[in-house]
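Analysis of the macromolecular model
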Amino acid sequence: MDHEIPLRGSSFPPIADYALLSDCEVCALVAPSGNVEWLSLPQMDGPSVFAAILDRQAGRFRAGPLDRMVPAGRRYLPGTMILETTWGTPTGWLEVRDVLLIGSWEDEDGSHRYVRAPRDRVAEHVLLRTFRCLDGFVDLELDCQPAFNYGRSNGSWRHVGDGYGDAVCEAQGIEPALRLRTDVRLGFDGGRARAETSLGAGQQAFCALGWSDRPPPATYDDAEARLAETRAYWHEWVNRGRFPDHAWQIHLQRSALTLKALTYAPTGAMIAAATTSLPEAPGGERNWDYRYSWLRDSTFMLWALCTLGFNREATDFFYFIADRVEDGDLQIMYGIDGRGRLDEVTLDHLSGYEGARPVRVGNDAWHHRQHDVWGVLLDSVRLHTHSSDRLDDRLWTLITRQVDAALEHWREPDRGIWEWRADPKHFTSSKLFCWVAADRGARLARLRDDTTAAERWEAAAQEMHADICANGTDARGVFVQHYETDALDASLLLLPLIRFLPPTDERVRATVLAIADELTVDGLVLRYRVKETDDGLAGEEGTFTICSFWLVSALAEIGELDRARTLCEKLLSYASPLLLYAEEIEPHSGRHLGNFPQAFAHLALINAVMHIIRADQSLTEGLESLTEAPGRLAVQFGLELEPADAAPHPNASGDDAGRDA
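Please read these numbers as outputs of a predicted model, since none were measured by experiment.

1. Thoughts on the pattern of salt bridges
Applying the stated criterion across every chain, the model contains 42 salt bridges. Residue Arg 194 pairs with Asp 143 through a salt bridge whose shortest N-O separation is 3.7 Å. Taken together, the residues Arg 194 in strand S15 (residues 192-200) and Asp 143 in strand S9 (residues 121-145) connect sequence positions 51 residues apart. Look at Arg 194 and you get partly exposed, because its relative accessible area is 22%. Owing to a relative accessible area of 10%, Asp 143 belongs among the buried residues under this scheme. Glu 557 is the salt-bridge partner of Arg 499, the closest N and O atoms lying 3.6 Å from each other. Of this pair, Arg 499 sits in the loop between helix H9 (451-471) and helix H10 (506-518) while Glu 557 sits in helix H11 (residues 545-557), and the two are 58 residues apart along the sequence. By relative accessible area, which is 1% here, Arg 499 ends up buried. When salt bridges with common partners are traced through the structure, they connect Arg 62, Glu 141, Asp 143, Arg 192, Arg 194 and Glu 196 into a single cluster.

Next comes the structure, spelled out in structure tokens:
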């Protein structure tokens, strides 16, 4: 058991203190104590074998000094997803490195999991932990206690081979089995495999947990060689990016690595977060499974990764979405293997993180009607076409069906971008993205010289634009959450980013400033005020990290550079010790809440930071300032959604809504 003095009277580590490991097929979360407290197999959204993050009895894998739970320091090896933890004990110092191995391609067993072309290096399906005593001597402890199928089934251990360093753990009727290899001697205590040994200065050891036919390392030298290969993989990957020489480069690199880590290599899908049911409010019921791929992330994924030069990953995710569109009617989200049904169940046998229940697996939002799906898809197509300079017949068939769906349904209420669980409403952001579908569709039709489709969709975009401007604003000219309220909603910060109106438009400026002044707590942005909004759920929630980063970008767009920079600096200071972000931040304490780490937050960070960096570069180089030309940052950093020479698209206000002013 953990023996450290708990924070807040809780045996659970703060959410922000977890480290993420990934091999681009599974994710693991490691607590400061050296416990692996989350690992789902055989893929990111599979059943857990370690789930102590949701119940202290639901499986864990601890490695570290005996009777010492608080490390002296932790970091990622720069440019990698390899975690290094340094321990100081009364007798000596220990260094531990944790990594999910990535190695050379080997032929599969015929399962054909890979839809995208496999790369030269792929997941080895091994969690490796290496140990080196730096000075003195340290008593080392290994304690592996799996609890299969979300803690429902304990495993049974047995030795294999001649010695005590190779063991298998199996649970009846559950695959995959686990294999633990180490150069220390293992013994068993029920469902636990344990080992203790003393390492002197300069001595080394390892343990490796595998779950496939590919065997874990058999020796320390083999383990070190495979760790070095994994380190080289991450270095080569991050070197493909384009990162500005700026003090915030480290935040961009860590966000890019995190997005790659949350991407499922066989299909190209990106999960929203590595976890399920981490609460949005302490002890509350707003606990969801985010280990799935949301269509709404596609545009932001393309914005962020293409901006940083990671076009391959952006293209893989785009074609994952395109494959789903071909399967049938468009959903808002999918499993990472492309499955559509994600039925939600509660795991009542788990206590939840700090008692937050219910614990959910699956997500019933998969069958919600959200009208932003057509717009984000068309934005993704437009960005993909702009970067690849082509629009093939397959994509055109998909485009026409989705634009026509937006035209058919845009007048209807839906559940909105935040997956409202109360009655559907006429959400302004949903109408905006229906406009995006018609507007981008018309532009793509012009590229194909399809005048008939272009004119029909342009006329629909004009009608939508007029309706939104007439019904989606309050008496101040501020855009509101839905047509029947004056309540604010952070999704309207996207107005200047999707080019519905130019950043100079007074309604855009009024909306951004109203959200900044009235929908914030200590400067951080709420999605909406729960007391003003019946979203079908009880309890409060923290400020949403993505919304706060959206505000940075929106403030920069309208020329409020000093305010945008100050907020960005504040948000970067809220990063976890390893520069990761959860879904929400409790503004007064800085405590991270919700699923962790969240891809959407890191996507928005990249956009916001690049806005500020470009503004600083423009001022330094003596270029025309953003204040004089709002919105130009998007053009210069690949965030512009339309080509510079696109024909102006008329709208009800007489502005050029589809491009910069």
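2. Some remarks on the pairing of strand S8 (residues 92-104)
Both faces of the sheet carry side chains from a regular strand, because those side chains alternate between them. Burial analysis of S8 places eleven of its 13 residues in the buried class, which makes it a mostly covered element. Looking at chain direction, strand S7 (residues 83-88) and S8 are connected through six bridges and run antiparallel. Across the sheet, the residue bridging to Leu 83 is Asp 98, located in S8. Once S7 ends, the chain turns through three residues before running back antiparallel as S8. With twelve bridges connecting them, S8 and S9 associate as antiparallel partners. Its bridge partner lying in S9, Asp 98 is registered against Arg 129.

3. Notes on the sheet that holds strand S25 (residues 543-544)
The antiparallel open sheet is built from three strands, whose spatial order is S25-S26-S27. Either end of the sheet is taken by a strand with one partner, and the two such strands are S25 and strand S27 (592-593). In this sheet, strand S26 (residues 584-585) lies alongside S25 in antiparallel orientation, the contact comprising two bridges. Of the residues in S26, the one forming a bridge with Phe 544 is Glu 584.

4. Remarks on the environment of Glu 285
Tracing the sequence through the fold places Glu 285 in the loop between strand S18 (269-270) and strand S19 (293-294). Between the C-alpha atom of Glu 285 and that of Val 359, which follows or precedes it by 74 residues, the distance is 8.7 Å.

5. Description of the side chain of Asp 414
You can see Asp 414 is positioned in the loop between helix H7 (393-409) and helix H8 (428-447). Although buried, Asp 414 forms no salt bridge, and the nearest oppositely charged side chain, Lys 431, lies 6.7 Å from it. A distance of 2.7 Å separates a polar side-chain atom of Asp 414 from the backbone nitrogen of His 371. Beyond its immediate sequence surroundings of up to four residues, Asp 414 is in contact with Arg 369, Gln 370, His 371, Pro 424, Lys 425, Phe 427 and Ser 430.

How each quantity is defined
- Residues numbered from 1 in each chain as written.
- Predicted model: local features only at pLDDT ≥ 70, side-chain atom pairs only at ≥ 80, totals over all residues.
- Heavy atoms only, no water.
- Salt bridge = Lys/Arg side-chain N within 4 Å of Asp/Glu carboxyl O.
- Helix = DSSP H or I, 4+ residues; strand = E, 2+ residues; numbered from the N terminus.
- Buried < 20%, exposed > 50% of the residue type's maximum accessible area, 1.4 Å probe, protein only.
- Pairing = 2+ DSSP bridges.
- Lys, Arg positive; Asp, Glu negative; His and termini not counted.
- Polar contact = N/O pair within 3.5 Å; in protein donor to acceptor, adjacent residues only side chain to side chain.
- Contact = heavy atoms within 4.5 Å.

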